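What follows is the residue order along each chain.
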2 protein chains.
Amino acid sequence: MSKKVTIVGAGLVGSLLAALLGKRGHSVDIFERRPDIRKADISAGKSINMACSTRGWKALDLVGAGDKVREAAIAMNGRMMHGINESLTFQPYGKEGEAIYSISRAGLNQILIDHADQFDNVNFHFNHKCLDLDLDTPSATFEISNGDHKEVTTDLIFGTDGAFSAVRSVMQKLKHFNFSQEYISHDYKELSIDSNDGQFQMDKHALHIWPRGSHMLIALPNPDGSFTCTLFLPYEGGNSFEQLNSETEIRRFFEDKFPDALKLIPNLIELFNENPTSPLVIVRCFPWTYEDKVALIGDASHAIVPFYGQGMNAGFEDVSILDELMTKHGEDWNSLFLEFQATRKPDADAIADLALKNFIEMRDLVGQEWFLKRKKIERALYETFPGKFIPQYSMVSFTNTPYSEAVRIGNQQDLILDRLAETENILELIEQGNFKSFIESNNIIQN
Amino acid sequence: MSKKVTIVGAGLVGSLLAALLGKRGHSVDIFERRPDIRKADISAGKSINMACSTRGWKALDLVGAGDKVREAAIAMNGRMMHGINESLTFQPYGKEGEAIYSISRAGLNQILIDHADQFDNVNFHFNHKCLDLDLDTPSATFEISNGDHKEVTTDLIFGTDGAFSAVRSVMQKLKHFNFSQEYISHDYKELSIDSNDGQFQMDKHALHIWPRGSHMLIALPNPDGSFTCTLFLPYEGGNSFEQLNSETEIRRFFEDKFPDALKLIPNLIELFNENPTSPLVIVRCFPWTYEDKVALIGDASHAIVPFYGQGMNAGFEDVSILDELMTKHGEDWNSLFLEFQATRKPDADAIADLALKNFIEMRDLVGQEWFLKRKKIERALYETFPGKFIPQYSMVSFTNTPYSEAVRIGNQQDLILDRLAETENILELIEQGNFKSFIESNNIIQN
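Quick notes on the rules
- Residues numbered from 1 in each chain as written.
- Chains lettered and ligands numbered in written order.
- Predicted model: local features only at pLDDT ≥ 70, side-chain atom pairs only at ≥ 80, totals over all residues.
- Heavy atoms only, no water.
- Pairing = 2+ DSSP bridges.
- Helix = DSSP H or I, 4+ residues; strand = E, 2+ residues; numbered from the N terminus.
- Contact = heavy atoms within 4.5 Å.
- Axes fitted to C-alpha atoms, helices over the stretch in contact; angles between N-to-C directions.
- Least-squares fit on C-alpha atoms with pLDDT ≥ 70 in both.
- Buried area = accessible area lost by both parts, 1.4 Å probe.
- Salt bridge = Lys/Arg side-chain N within 4 Å of Asp/Glu carboxyl O.
- Polar contact = N/O pair within 3.5 Å; in protein donor to acceptor, adjacent residues only side chain to side chain.
- Nonpolar A, V, L, I, M, F, W, Y, C, P; charged D, E, K, R; others polar.
- Buried < 20%, exposed > 50% of the residue type's maximum accessible area, 1.4 Å probe, protein only.
- Domains from an automatic or database assignment.
- pLDDT = per-residue confidence, 0-100.
- Patch = residues over 30% accessible without salt bridge, like charges linked within 9 Å, V, L, I, M, F, W, Y side chains within 5 Å.
- Areas by Shrake-Rupley, 256 points an atom, 1.4 Å probe, with all protein chains shown as cover.
- Lys, Arg positive; Asp, Glu negative; His and termini not counted.
- Charge placed at Lys NZ, Arg CZ, Asp CG, Glu CD.
- Phe/Tyr/Trp six-rings, centres within 6.5 Å; stacked < 30°, edge-to-face > 60°.
- Lys NZ or Arg CZ within 6 Å of the ring centre and 35° of its normal.

## Regarding the sheet that holds strand E1 (residues 4–8) of chain B
All names here are of chain B. The six strands lie next to each other as E8-E2-E1-E12-E19-E18, forming an open sheet whose pairing is mixed. Whereas interior strands pair on both sides, the edge strands pair on one side only; in this sheet they are strand E8 (122–125) and strand E18 (289–290). On the sheet, helix H11 (residues 333–363) packs against strand E12 (156–159), E18 and strand E19 (294–296) and is oriented at approximately 15° with respect to E12.

Structural data, given as structure tokens:
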């Protein structure tokens, strides 16, 4: 039976969910605090890049938006590490043909809003700020542009309003609602590398990383030949945003740490001063749902740090899983929501932990010899025993294996990799083609 | 120089702080959401009992309220364990003369409001609900009884409005504000044992405990001969509040688990159904202060579970420490607030952990043979080497040793106690007076 559904938040996950519910015949009203991003001048705004991988594509294809998104995305086949001496080291993400896909947040959001807006039973309401909810009715109250309030009574409310969710802030007052918001030590700032007359100034099929221990710069390609860069620095203390507050200091810092990038960002000072410095927060909460009436989806219930490129993918996977559960439970929204939060919470916690762990990997480990050795062994195992050994990064990025399962298997793999990394001449064994027989004769990968 | 101070919340900590700031000559306005508790009919309300110990007395004496409180308090010299077979086991809290003091929350709050109200420069405003703050001004907006809003501009704002602090909810929106609220698996419900014609029906100088593993009943004495009881049960699952929802089930549960208590609570069913079931939440956050303008004190910044009897004492210790820092920093409120939160946060985290750990001790361990043996050894060490070995419980309850220091020392003591508990005939050594020479000859307590 068709439900009257209210979605709070028309970001990436909200728009995707609206398309899914529209496709399933529900009557959807989706409310967004900001103006219509399709009409805004996005070139002037910040445009963080997302990395779409298998879980993201699955959900996009489910609602029929995959192909439109593919047209606007650029494949990144691996990481390109930029050494402090301007050396380049490429490290593939997976096997031949496996890639994660760079796409701008604003561009993707526009595609998804357009896609959902095709359904007659999906209606977008921009400039509607959610002020309050009555969870029991359920109803939502919005403030509209002229300051007036509008109350909407509905069957179901989905909170897809991100890490600082207004829907969650109402649920936070419920007895037994566990909640935490934890900021990491680093803030971030967007910068950009322009195209050179339409040409990319670095390899376009890579996610570029300048790993520098306590800080890091990354760059992701855009179809117009530019790169969107993100600088991650502690917000206070040594080499922090707090300390970089003069033109001289900013320039000297880049000369020291990112000399090759500096050459490609002639307007560094202007960008640095114009663009905001934003914090990075990890949000955890439980429960995610209230009776058969309200559910939190995406960042609203599980905001993570961006270092595994999985924040959006995890939110999109929420939508895929909701779709499966709608088929399974039919009209029983109470059972549906209970199963959703019970099965999904351990996976959300798992990817939150992995993303934080990957920050250390990206900013520090990828620049270290022993880490690259370990990665080579991992890759050899993957190529030699493709059905039996799938690296954790590949499980997370190129399969739909539950995140918590990827953590469990990854922990076992760590033991194997530790052991092999200590094996003398292991790299020679790989290069000379004796790796398979060595692994098999030592019974390292179980059959 | 005298400051215009706004205190939000006239509970125990707020009223105490008002008295301190009044005594120091500041102009204090203290706002409370509820009506004046001095005029309310408290006999009809819930009256949770507090256990006041050394840290609490230090702060009460600092503002000159100690003696008034002593008159209304009853010394509890130890725990009286009630076995399921109705046996009684007494375990002293400390040395001869050391006790924690039972006092009703409402009674103590009345004393503290009266005490602060004596100062001409302290003004109480009841029925004022804090709606919002402007942290930068700073100013606070209150809703008064007739629905009107009142804005108060001030020099300093203290949030002493408890675990669900309105002041903190404004700070929660600040960049880099870390926050968590975590409910434990157990809820609680107040019950009571009436006096028998003015006479106590159990030993009045003890905190009575019925430890039953996953659940627990406690009782604290009141001056009128009654005991305030608290029942702690999981809120869902086996033997939970969720399951006890008929007269038969409630009565059978008490017959099974607390047979001797049941005899003393003839009106059990009535109390059980009338009194609310309340949750237990642990709140952590940081920072606790905003510039030289706003500070969170007590439960507003560090709400803990009640199982160490330290929630109020920790809040009162905040006030003692603020007093020391006011003397040290004078007019420099910025440095004062920074030092306050930096030194106090580790202690707040320490007592939060200890309180949770003590829940396990109270509901489970105190009923076990090996735990009582360990307690006997601990007591022997305390009596034999009074300057060198102070049990963790005593450090927390009967000294002003920082909580984090008590945790550190307690961890060392655990190693010693584990070792001695495994020593053959250790109890005989104690009973036969050979304990001191044994400890010294084995160099167990360092000089």
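So much for the structure itself; the text now carries on.
## Some remarks on the relation of the copies chain A and chain B
When chain A is fitted onto chain B, the two copies agree to an RMSD of 0.0 Å after a turn of 180° and an axial shift of 0.0 Å. Such a turn and shift between the copies fits a two-fold axis. Among all residues of chain A, the one whose C-alpha sits closest to the rotation axis is Ser180 of chain A, at a distance of 2.0 Å.

## A look at the interface of chain A and chain B
Across the contact, 15 residues belong to chain A and 15 residues belong to chain B. The junction of chain A with chain B conceals about 1400 Å² of combined surface from both sides, 43% of it contributed by carbon and sulfur atoms. It is His176, Gln181 and Tyr183 of chain A that lose the most area in chain A upon contact with chain B, and together they represent 41% of the buried surface on that side. Joining chain A to chain B, the criterion identifies two salt bridges. Between Lys175 of chain A and Asp187 of chain B there is a salt bridge whose closest N-O contact spans 4.0 Å. Taken together, the links from chain A to chain B amount to 13 residue pairs in polar contact (both at pLDDT 80 or more). The element best represented in the side of chain A that touches chain B is strand E13 (residues 178–193) of chain A, accounting for seven residues. Across the side of chain A that touches chain B, the residue classes tally to six nonpolar, six polar and three charged. Where E13 of chain A and strand E13 (residues 178–193) of chain B come together, three bridges link them in antiparallel fashion. Note that in E13 of chain B the partner of Ser180 of chain A across the bridge is Ser180 of chain B.

## A few points about the sheet that holds strand E4 (residues 74–76) of chain B
All names here are of chain B. The antiparallel open sheet is built from three strands, whose spatial order is E3-E7-E4. Edge positions in the sheet fall to strand E3 (49–52) and E4, since each has one partner strand and no second. For this sheet the average axis-to-axis angle between neighbouring strands, irrespective of direction, equals 35°. Summarising the sheet, E3 and strand E7 (residues 100–104) pair through four bridges and their orientation is antiparallel.

## Details of the pairing of strand E10 (residues 139–143) of chain A
Looking along a regular strand, one sees side chains alternate from face to face of the sheet. All names here are of chain A. Here strand E9 (residues 129–134) pairs with E10 via five bridges, running antiparallel. Within E10, the position partnered with Asp132 by the bridge is Thr141. The hairpin formed by E9 and E10 contains four residues between the paired strands. When E10 meets strand E11 (residues 149–153), the two strands line up antiparallel, connected through five bridges. Opposite Glu143, over in E11, you have His149 as the bridge partner.

## Let's talk about the pattern of salt bridges
Per the stated rule, a full pass over the model turns up 55 salt bridges over all chains. With a shortest N-O distance of 3.1 Å, Arg38 of chain A and Asp117 of chain A are connected by a salt bridge. Here Asp117 of chain A lies in helix H4 (residues 105–117) and Arg38 of chain A lies in the loop between strand E2 (27–31) and strand E3 (49–52), a separation of 79 residues in the sequence. Here Lys263 of chain B ties to Glu86 of chain B by a salt bridge, and the two come within 2.9 Å at their closest N and O atoms. Pair noted here: Lys263 of chain B is in helix H7 (residues 259–264) and Glu86 of chain B is in the loop between strand E5 (78–82) and strand E6 (88–92), with a separation of 177 residues, a long-range link. Given a relative accessible area of 58%, Lys263 of chain B falls into the exposed group.

## Here's the deal with the domain arrangement of chain A
Residue and element names in this part refer to chain A. Splitting chain A by domain gives domain 1 (4–74 + 103–181 + 282–358), domain 2 (183–279) and domain 3 (368–441). Here the C-alpha centroids of domain 1 and domain 2 sit 30 Å apart. Contact residues are listed per partner, giving 14 residues for domain 1 and 15 residues for domain 2. Each partner contributes to the roughly 1200 Å² buried at the junction of domain 1 and domain 2, and carbon and sulfur atoms together form 74% of this total. At the boundary of domain 1 with domain 2, the tally comes to zero salt bridges.

## Thoughts on the environment of Ile360 of chain B
Looking at the secondary structure, you find Ile360 of chain B in helix H11. It is 24 Å that separates the C-alpha atoms of Ile360 of chain B and Arg105 of chain B, two residues lying 255 residues apart in sequence.

## Quick look at the environment of Phe385 of chain A
Residues and elements named next belong to chain A. Its location among the elements puts Phe385 in the loop between helix H12 (369–384) and helix H13 (392–398). Assessed through its relative accessible area of 7%, Phe385 is described here as buried. With 51 residues separating them in the primary sequence, Phe385 and Lys436 have C-alpha atoms 8.3 Å apart. The contacts of Phe385, once residues within four sequence positions are left out, are Lys436, Ile439, Glu440 and Ile445.

## Observations regarding the side chain of Thr6 of chain B
All names here are of chain B. Structurally, the position occupied by Thr6 is in strand E1. For Thr6, a relative accessible area of 1% translates into the label buried. When sequence neighbours within four positions are dropped, the list of residues in contact with Thr6 reads Asp29, Phe31, Phe142, Val152, Thr154, Leu156, Ile157 and Phe158.

## Considerations on the pairing of strand E12 (residues 156–159) of chain A
All names here are of chain A. Taking every second residue as pointing to the same face, both faces of E12 are buried, with Leu156 and Phe158 on one and Ile157 and Gly159 on the other. Relative to E12, strand E1 (residues 4–8) runs parallel, the two being bridged by four bridges. Bridging from a neighbouring strand, Val8 pairs with Gly159 of E12.

## Description of the confidence of the model for chain A
On average, chain A scores 94 in pLDDT, and the residues at 70 or more come to 98%. Reported confidence for the predicted complex is 0.88 by ipTM and 0.91 by pTM.

## Some words on a positive patch on the surface
Taken together, Arg33, Lys129 and Lys173 of chain A together with Arg33, Lys129 and Lys173 of chain B make up a surface patch of like positive charges. Within the secondary structure, Arg33 of chain B is located in the loop between strand E2 (27–31) and E3.

## Some remarks on the packing of aromatic side chains
Residue and element names in this part refer to chain A. Scanning all chains against the criterion turns up 41 aromatic pairs over all chains. A centroid spacing of 5.4 Å and a plane angle of 85° characterise the contact between Trp57 and Tyr101, whose relative ring orientation is edge-to-face. In this pair, Trp57 sits in helix H2 (residues 54–62) while Tyr101 sits in strand E7 (residues 100–104), placing the two residues 44 residues apart along the sequence. Judged by relative accessible area, which is 25%, Tyr101 ranks as partly exposed. A cation over an aromatic ring shows up here: Lys189 above the ring of Phe272, its NZ or CZ 4.7 Å from the ring centre.

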